[in-house]
Each structure stands twice: as C-alpha cells, then as structure tokens.
Amino acid sequence: MNKPLLAALAALVITGAGAAPAAAATESETGSAAPAIRAVNFAGTVSLSNCSGSVIRMPDSADDDPALVLSNGHCLETGFPDPGEVIVDQASSRSFGLLNSAGTRVGTLRASKIAYSTMTDTDVSVYQLTRTYAQIRSTYGIEALTLNDTHPVAGTAISVVSGYWKRIYNCNVDGFVYRMREGGWTWKDSVRYTSACNTIGGTSGSPVVDRATGRVVAVNNTGNEDGQSCTDNNPCEIDESGKVTVRQGINYAQETYLLAACFGLDNKLDLGAAGCALPKP
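The rules behind the values
Residues numbered from 1 in each chain as written. Predicted model: local features only at pLDDT ≥ 70, side-chain atom pairs only at ≥ 80, totals over all residues. Heavy atoms only, no water. Helix = DSSP H or I, 4+ residues; strand = E, 2+ residues; numbered from the N terminus. Buried < 20%, exposed > 50% of the residue type's maximum accessible area, 1.4 Å probe, protein only. Contact = heavy atoms within 4.5 Å. Phe/Tyr/Trp six-rings, centres within 6.5 Å; stacked < 30°, edge-to-face > 60°. Lys NZ or Arg CZ within 6 Å of the ring centre and 35° of its normal.

Q: Can you walk me through the environment of Ala-154 in this structure?
A: Relative to the helices and strands, Ala-154 is located in the loop between β8 (145–146) and β9 (157–162). For Ala-154, a relative accessible area of 46% translates into the label partly exposed. Sequence separation of Ala-154 and Val-191 is 37 residues, and the distance between their C-alpha atoms is 8.8 Å. For Ala-154, the residues in contact, after removing those within four places along its chain, are Val-173 and Phe-176.

Have a look at this one:
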C-alpha cells in the first residue's frame with residue numbers, strides 16, 4: 001500500500017519534489033475524434049494524517065446532502081480492515097485538510113462517521129462529513145469532485161492528485177487486473193497505470209481523475225516496490241487462468257464507479273440498492 005514512508009520523504013527532500021504544489025496537468029491539443037484534455041488541480045482534494053483523499057459527490061447528489069470524503073480502506077484511523085471485514089456507519093470525528101486549486105490548505109473538514117470501508121474486493125473508505133456541499137462552497141468557494149458512474153476505459157488520460165504531498169502525477173490507464181493480491185488482501189478489476197504515475201507512500205487515497213471529463217474514476221492505493229510477489233507493498237497480478245505476474249515499479253488504483261449505485265437519496269448508503277455490488281458486512 002502507498003502509505004507514508006521515511007524513505008519516500010527522504011527521496012522528495014533529495015530531489016526537491018513536493019517542495020511546492022505541482023503544476024496542474026498541461027492542456028494539450030487533440031484531434032476532433034479525441035476528447036480535449038483539461039487542466040487538473042488540487043481543488044476539492046484533502047490531506048489526511050497519513051494519506052490523501054478528496055471531497056466527492058455522486059452524479060445525483062444534491063447541494064444540501066452531507067458531503068463525502070473518499071480515501072482508501074487501508075487509510076482508516078483505526079487501522080487496516082481484516083480480509084472479509086466491511087465497516088458501515090461507524091462513528092468518526094476524523095479531520096481533513098481541504099485544499100484549494102493551488103494546493104493551499106484553506107480549512108478543516110470533520111467527519112461524522114465512516115459511511116463505508118473495506119479492503120475486500122476493493123480498497124476504499126467513504127466518510128460522511130458534518131457539512132453539506134453547499135456549506136463547503138459557501139465557506140471556501142470549493143466544489144466537490146464528481147464520481148463517474150461507469151467503468152473506466154483503457155488508454156484514458158488520468159491525473160492522480162495527492163493532497164498529502166501536494167503533487168500531481170499524469171499518465172494513462174494501462175489496463176485492468178482481473179485479481180490483484182497483496183498480503184492477505186485480494187482486489188477485483190484493479191486499474192493499472194502506465195509507468196509515468198510513479199506514486200509513492202502518502203499518495204494512498206488520492207483521487208484518480210479523468211482528464212477529459214474531470215470526474216473521479218478510481219482511488220489510488222498501491223504499487224509493487226521491490227519486485228516481490230503478492231507480499232505487503234508488492235502486489236501481484238493474477239489472470240483468469242491463475243497465472244501470476246509481477247510488475248516492479250508499476251502502480252495501481254481501485255475503481256470507484258461501483259460506489260455510485262450504493263449511495264442514494266441524501267447520500268445515504270444502501271447496500272441493498274439495485275446495482276450495488278460492494279461487499280456487504
């Protein structure tokens with residue numbers, strides 16, 4: 001998992017990376033058949049004590065709904081959920097540093113509960129906040145990032161936006177992993193990045209933004225650091241036939257479109273809703 005590491009911090013000090021907010025993704029000209037690439041910045045992302053995250057809304061969320069924060073299951077303040085464990089509606093008062101477009105912290109948001117979290121099949125946590133989207137906009141002038149409700153597409157230009165490091169990684173969706181195993185956890189249909197997204201410890205929970213639509217398509221969660229197979233910090237890929245592949249230096253994310261079918265009116269979690277395929281307690 002892309003947790004904060006002393007080695008990662010040392011590397012940033014040596015190279016100078018992360019000393020200031022990263023520049024937004026550069027816009028490029030495309031042909032008429034290709035979607036235009038937008039600039040991506042830090043607005044709506046958050047920093048956690050140990051990870052990154054973002055304020056998100058579902059495609060049909062209302063302005064007066066309680067806002068949500070997206071991060072990883074392994075970023076929970078209570079520690080990693082066990083394999084098979086699903087956490088629902090657990091009280092939390094966790095705080096998040098809200099960032100503006102330049103990566104400057106402009107305020108603190110607070111959770112009222114962990115609406116949903118697991119490391120089974122996916123690696124995700126969704127916090128419900130004490131403020132609505134309208135209140136956040138009124139106070140800080142910042143909009144939530146909208147979650148895409150369809151499966152991501154290979155080749156898509158993406159940005160991984162880390163509120164922890166205030167750094168943006170730009171690359172493409174390289175493909176999808178049938179099963180990915182790391183230690184005792186197994187994840188389904190993971191997103192594999194092209195090598196340009198060389199994410200590090202502390203980027204866990206970063207939103208993965210489609211640069212054509214500006215919508216969140218995944219949440220950054222891990223990468224193979226040492227070339228080991230299926231161990232902690234060294235996830236392996238497993239195909240339908242059971243073949244195991246190790247890609248040292250390659251990083252991954254978990255798809256988030258599944259969340260949209262499971263949060264309904266007033267942003268309430270409904271694991272029994274039609275189309276909701278998230279693991280249940």
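Q: Explain the packing of aromatic side chains to me, please; I cannot follow it from the model alone.
A: Remark: the centre distance and the inter-plane angle together describe each pair of aromatic rings, the angle taken between the planes. Enumeration according to the criterion identifies 3 aromatic pairs in this entry. A centroid spacing of 5.6 Å and a plane angle of 70° characterise the contact between Phe-80 and Trp-185, whose relative ring orientation is edge-to-face. With a gap of 105 residues between them, Phe-80 in the loop between β3 (66–71) and β4 (86–91) and Trp-185 in strand β11 (residues 185–193) connect regions that are remote in the sequence. Arranged with centres 5.1 Å apart and planes meeting at 70°, the rings of Phe-96 and Tyr-127 form a pair that is edge-to-face. In this pair, Phe-96 sits in strand β5 (residues 95–99) while Tyr-127 sits in strand β7 (residues 124–132), placing the two residues 31 residues apart along the sequence. Considered together, Phe-96 and Tyr-127 belong to a single accessibility category, that of buried residues. A cation over an aromatic ring shows up here: Arg-57 above the ring of Tyr-133, its NZ or CZ 4.6 Å from the ring centre. The ring of Tyr-178 carries Arg-179 above its face, with NZ or CZ at 4.1 Å from the centroid.

Q: Would you mind showing me how to read the environment of Ile-238 here?
A: For Ile-238, the location among the structural elements is in strand β14 (residues 236–238). Not counting chain neighbours up to four residues away, the residues in contact with Ile-238 comprise Val-177, Tyr-178, Arg-179, Arg-181, Lys-243 and Val-244.

Function-wise, these values are silent; they only describe arrangement.
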